[in-house]
Amino acid sequence: MGEALPKTEAALIATALGLIGREASFSIEEHGAAAGLDPERDEAKLAALRAEIGAGIDPLGMAFSRIRPARLRRALGATYTPPEIVRAMLERAASEAGADAVARIVDPGAGSGRFLLAAAEKFPDAALIGIESDPVAALLLRANLAAGGLSQRARVIVGDYRIAALPPLDGRTLFIGNPPYVRHHDIGPEWKNWFAVAARRYGVKASRLAGLHLHFFLRTLELARPGDLGCFITAAEWLDVNYGAALRALLAGRLGVIALDVFDPKALPFEDAATTGVITHFRIDAAEQTAGLRLIDDVAALGSRGAGKTITRMALASSPRWSALLKPQSARPAGWIELGAICRVHRGQVTGGNAIWIEGVAGRELPERFLHPTVTKARELLRAGKDLVNAQDLRRVIDLPPDLDALDAVERAAVARFLDWVRAQGGDASYIARHRKPWWSVGLKPVAPILCTYMARRPPAFLRNRCSARHINIAHGLYPRETLPDAALNALAAWLRENVTQSSGRTYAGGLTKFEPKELERIALPPLGELAAL
């Protein structure tokens, strides 16, 4: 197989043109020298590739993933799905379809066509539509379809799924695939606005922080008809995060979730991306009032219909975090309360550029009162034990006042020199700086009496803040709602250290566990008066 695989993108394109047909094969002669191909051997290579494609292998996609590595494909969110996952998803989709025929298969981010080629065999009478925004990947898709003898029943649309139109159809459509993962930072404001407006039509408030894969779910709802099926594999963070609330509401409503296969964070589903995964099975306007939830600890277990749990869609609609539904639920002891009843939890401030706002040479002329000892790395808390006592070990964050006119002449001159340096570094143009007023004031949170880490491959560390350190966004601060004596704060921190486990947080790929402020506030604990006695 390796002998037939192209080694460059130019060679890959020429090979794809050759697979498409005789007319395109003339391009091999035209581009052969640049592609490093030997025209006399072209037909033998193409025959070998056709044989592999016919056997269910994706040599073109494999070559593309190697020639254009993940870091380059990431801009388009292109992560190719392993064949065993493709097969398992199609098996489940066929099972959900039952005796009702599927007239059309739509892959909204088709890549090289792994889902479509496998679906062509599983659903031999269905039309095939692949939508792909990357022209090179779309060319590979056409080549695979041609090599598989599927061109007559397939259509390839090169463009954005969110504006793609599907022809009218009598019959059921299966939407299946791996929607592209692109974070909101790389999504234009016009598309964020589209997402918000489109979601509103279904009675859902959508966050502009949502990733591109959530856009694909919504577009599917726009295109689909009642009874159409869907099966998408995506990263799993939408199960819990705030920006996933819109998708959770849609799935509990019109999108009609019927099953979730959630990968254990240690069972990485993709070969070239360290991410969590969930397969979402849905039926538009589903009559089912329950959905099945399974935790998949190994990709090989996908094909089995093993034990899971069943939950009502009403319960899904009312649950703020869906991954928690997979965990064993224990009853809260009588009289216990939530941490949020005692403390507000706030993540530390985002500086907008640590290299600028954490004191360096340029900031040493600034008045001392603007330089605050601050926890800037999680390890500073982890190595401190139970108490953070030495501010001298911490770096200092520069937090200038909003009103510079109130400074005296000497201070104002020092600040002006520093801000000239910041502008020269582009510090006034960062995303955070452009969205805070005034841009030069970081706005550190007040001193928190208890600090905790929020992301690690271990339970969070809870420490008493004995040295009045500030914290940035690598830590959380616990702020009592009412003034608490020192002994009560000590007892609270000690109880949290001993009793908060990783299972209370949100686990990401590779076992990295994250605790958002609201998740910490939901932790149940005995009444404050009882903590010291435990």
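See above for the structure.
Residues numbered from 1 in each chain as written. Predicted model: local features only at pLDDT ≥ 70, side-chain atom pairs only at ≥ 80, totals over all residues. Heavy atoms only, no water.

1. Regarding helix 9 (residues 189-200)
Along its 12 residues, helix 9 runs 17 Å from first to last C-alpha, staying within 8% of the 16 Å computed at 1.5 Å per residue. Among the residues making up helix 9, those that are buried are Trp191, Lys192, Trp194, Phe195, Ala196, Ala198 and Ala199. For helix 9, the elements touching its buried residues are helix 10 (212-223). (Helix = DSSP H or I, 4+ residues; strand = E, 2+ residues; numbered from the N terminus. Expected span 1.5 Å × (residues − 1). Buried < 20%, exposed > 50% of the residue type's maximum accessible area, 1.4 Å probe, protein only. Contact = heavy atoms within 4.5 Å.)

2. A word on the sheet that holds strand 5 (residues 229-234)
With mixed pairing, the nine strands of this open sheet are ordered in space as 3-2-1-4-5-7-6-8-9. Either end of the sheet is taken by a strand with one partner, and the two such strands are strand 3 (154-158) and strand 9 (309-312). On average, each strand axis in the sheet is inclined to that of its neighbour by 15 degrees, with strand direction left out of account. The strands touched by helix 10 within the sheet are strand 4 (172-177), strand 5 and strand 7 (278-283), with strand 5 carrying the most contacts at an inclination of about 175 degrees. (Pairing = 2+ DSSP bridges. Axes fitted to C-alpha atoms, helices over the stretch in contact; angles between N-to-C directions.)

3. Some points on the packing of aromatic side chains
Applying the stated criterion across every chain, the model contains 13 aromatic pairs. Plain terms: the ring middles of tryptophan 439 and tryptophan 440 are 5.9 Å apart, the flat faces sit at 80 degrees to each other, and that makes the pair edge-to-face. The residues tryptophan 439 and tryptophan 440 share a single accessibility class, namely buried. Grouping aromatic residues by their ring pairs yields a cluster made of Phe217, Phe232, Trp238, Phe282 and Trp322. Of note, arginine 162 hangs over the ring of tryptophan 191, and the distance from its end group to the ring centre comes to 3.8 Å. The lysine or arginine in question, arginine 436, covers the ring of tryptophan 357, its NZ or CZ lying 5.4 Å from the ring centre. (Phe/Tyr/Trp six-rings, centres within 6.5 Å; stacked < 30°, edge-to-face > 60°. Lys NZ or Arg CZ within 6 Å of the ring centre and 35° of its normal.)

4. Describing the side chain of threonine 220
Along the chain, the position of threonine 220 falls in helix 10. Other than its neighbours up to four places away in sequence, threonine 220 contacts Tyr161, Phe175, Phe232 and Phe282.

5. Observations concerning the pattern of salt bridges
With the rule as written, the count across this model stands at 25 salt bridges. A salt bridge links arginine 321 to aspartate 240, with the shortest nitrogen-to-oxygen separation between them at 3.8 Å. Linking arginine 321 in the loop between helix 12 (313-318) and strand 10 (337-338) with aspartate 240 in the loop between strand 5 and helix 11 (245-252), this pair joins segments that are 81 residues apart in sequence. Overall, aspartate 240 belongs to the buried group, its relative accessible area being 6%. Here arginine 321 makes a salt bridge to glutamate 519, at a shortest N to O gap of 3.1 Å. Taken together, the residues span a long stretch of sequence, with arginine 321 in the loop between helix 12 and strand 10 and glutamate 519 in helix 18 (residues 517-521) at a distance of 198 residues. (Salt bridge = Lys/Arg side-chain N within 4 Å of Asp/Glu carboxyl O.)

6. Let's talk about the packing of helix 9 against helix 10
When two helices pack together, their arrangement is given by the angle between their axes and by how far apart the axes lie. The contact between helix 9 and helix 10 brings their axes to 11 Å, and the two run at 45 degrees. Between helix 9 and helix 10, the angle is such that the two are oblique. The way helix 9 lies across helix 10 gives a crossing that is left-handed. Residues Trp191, Trp194, Phe195, Ala198 and Ala199 of helix 9 form the contact with helix 10, whose own contacting residues are Leu214, His215, Leu218, Arg219 and Glu222. Residues that form the contact of helix 9 with helix 10 fall into these classes: seven nonpolar, one polar and two charged. (Parallel < 35°, antiparallel > 145°, perpendicular 65-115°, else oblique. Left-handed = near helix turned anticlockwise from the far one by under 90°. Nonpolar A, V, L, I, M, F, W, Y, C, P; charged D, E, K, R; others polar.)

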